[in-house]
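Chain by chain, the residues run as shown.
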Amino acid sequence: MGSIPPLPGLVSTMVETPRLKTHVLLRGPSDGVPVLLIHGNASSNTFWEETMLALPDGFRAIAPDLRGYGDTEDKLVDATRGCMDWVDDLLGLMDLLGYARFHAAGHSLGGSVVWAMLAAAPERIHTATVIAPGSPFGFGGTKDILGTPCAPDFAGSGAGIVNPEFARLIAEGYRGSEFQAAPRNVMNSFYWKPPFRHPREEALLSGVLSEKIGPDKYPGDAEPSPHWPGVAPGKWGPANAISPKYVGDSVQRMLSAPSKPPILWVRGSDDPIVGDMSLFNMGTLGKLGVVPGWPGDEVHPPQPMVGQTRYVLEQYRANGGSFREEVIPDTGHSPHMEKPHIFNPLFHAHLQSV
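Residues numbered from 1 in each chain as written. Predicted model: local features only at pLDDT ≥ 70, side-chain atom pairs only at ≥ 80, totals over all residues. Heavy atoms only, no water.

1. Some remarks on the pattern of salt bridges
One pass over the full model with this rule turns up 22 salt bridges. Close ionic contact of R184 with E201 constitutes a salt bridge, the shortest N to O distance being 2.7 Å. Taken together, the residues span a long stretch of sequence, with R184 in helix α5 (residues 183-191) and E201 in helix α6 (residues 201-209) at a distance of 17 residues. In this structure, R184 and E201 share a single accessibility class: buried. Salt-bridge contacts for E202 lead to R184; the nearest nitrogen and oxygen are separated by 2.7 Å. Remark: R184 occurs in helix α5 and E202 occurs in helix α6; sequence separation between them is 18 residues. A residue is classified by how much of its surface remains accessible, and R184, at 12% relative accessible area, is buried. (Salt bridge = Lys/Arg side-chain N within 4 Å of Asp/Glu carboxyl O. Helix = DSSP H or I, 4+ residues; strand = E, 2+ residues; numbered from the N terminus. Buried < 20%, exposed > 50% of the residue type's maximum accessible area, 1.4 Å probe, protein only.)

Okay, here's the thing in structure tokens:
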């Protein structure tokens, strides 16, 4: 059992694989069509509960806590492998559960994990759904739709760009709202578009506070850089794992793979976290004058995250795959939670399309 009581109709259990003990929420018949649901950063599988309960009959929802989050065994994320620690964990979980093929859906950082899975094991995926995903080229430190790095050491990405106050307050289990970087305030200001407040705010906040904190966990380690803003990625933890430094050739592998599951890309029109002017991106913050010393658009512009994702997906289609982009209006970073009446029909139709 996990530490956060799930909604009625969901089963909370621990599953031990050869890699780690994983906390998983389950719903639906064990012989149903499996749907793997991958949560984002500073969250947990709790963020999937309503989506799980809304799935049509005949589907088996499987929502694990990723390594580094929730009630899953506390093992380090080797960021030099990009998202592959998570991919290997999840494939091992699906192996143990007996699912050779499955649908995969990822939100935010979970979308970055889906990109890596489409590069590593696309033949196992029926359909892929990415909800407000990180760019396929990684988060931070790139300047154009081709994912060109702003600096040779990928300065402006990784753990060094994380607000240390946010991480410190998570470590303290802080549930108040006195500080700007309080996890509750960050969730309600950025995870969805205000004035939306989720009815399960306390359980979701517990999910945010479940992230493992430390110099080799979250936010992770950083390296000094001679390039603005002065920090480059380290080697440990989730923030470094999604740096473009460690994405490697995953985009090219995804594009060249013979198996190309259909992709549904859903995003909110007003997402402040993943967007072409992301408020979590150093280029944006420099341009807005929040981070001093910005070297200008030619050197370190705001990362065109949406443009990069669309470019990669258009290449995916040109190489024999298919994708559909859906923009949900008046919505922030979590369309599946903010506007389930719009998201669920899109998601269910995609699951039933193959």
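After that view of the structure, there is still more to cover.
2. Thoughts on the sheet that holds strand β3 (residues 33-38)
A sheet is described by the order of its strands in space; here eight strands give the open sequence β1-β2-β4-β3-β5-β6-β11-β12, paired in mixed fashion. Looking along the sheet, the strands with just one partner apiece sit at the ends: β1 (11-16) and β12 (323-328). Here the strands of the sheet are splayed against their neighbours by 20 degrees on average, with no regard to which way each runs. One ladder, built from six bridges, connects β1 with strand β2 (residues 21-27); its direction is antiparallel. (Pairing = 2+ DSSP bridges. Axes fitted to C-alpha atoms, helices over the stretch in contact; angles between N-to-C directions.)

3. Comments concerning helix α13 (residues 340-351)
An ideal rise of 1.5 Å per residue puts 16 Å on 12 residues; α13 measures up with 15 Å between its terminal C-alpha atoms. Here α13 has its buried residues at F343, N344, L346, F347, H348, H350 and L351. (Expected span 1.5 Å × (residues − 1).)

4. Looking at the nonpolar core
Residues W86, M117, L118, F166, Y191 and I263 are the most contacted members of the largest nonpolar core, which totals 73 residues. Looking at this core element by element, the count peaks at eight residues for helix α3 (residues 109-120). Setting aside chain neighbours within four positions, we find I263 in contact with W115, L118, A128, V130, L313, Y316, S322, F323, R324 and H350. The next biggest cluster of nonpolar side chains, apart from the first, holds 19 residues, and it includes A63, V266, F343 and L351. (Core = buried A, V, L, I, M, F, W, Y, C linked by side-chain atoms within 4.5 Å. Contact = heavy atoms within 4.5 Å.)

5. Points about the packing of aromatic side chains
What the rule picks out here adds up to eight aromatic pairs. Between F47 and Y191, the ring centres sit 6.1 Å apart and the planes meet at 50 degrees, which makes this aromatic pair tilted. Here F47 is found in the loop between β3 and α1 (49-54), whereas its partner Y191 is found in helix α5, with 144 residues between them in sequence. The exposure class assigned to F47 is buried, which follows from its relative accessible area of 3%. With centroids separated by 5.4 Å and ring planes inclined at 50 degrees, the aromatic side chains of Y174 and F179 adopt a geometry described as tilted. The exposure class assigned to Y174 is buried, which follows from its relative accessible area of 18%. Joined through ring pairs, the aromatic side chains of F47, Y191, W192 and F196 make up one cluster. (Phe/Tyr/Trp six-rings, centres within 6.5 Å; stacked < 30°, edge-to-face > 60°.)

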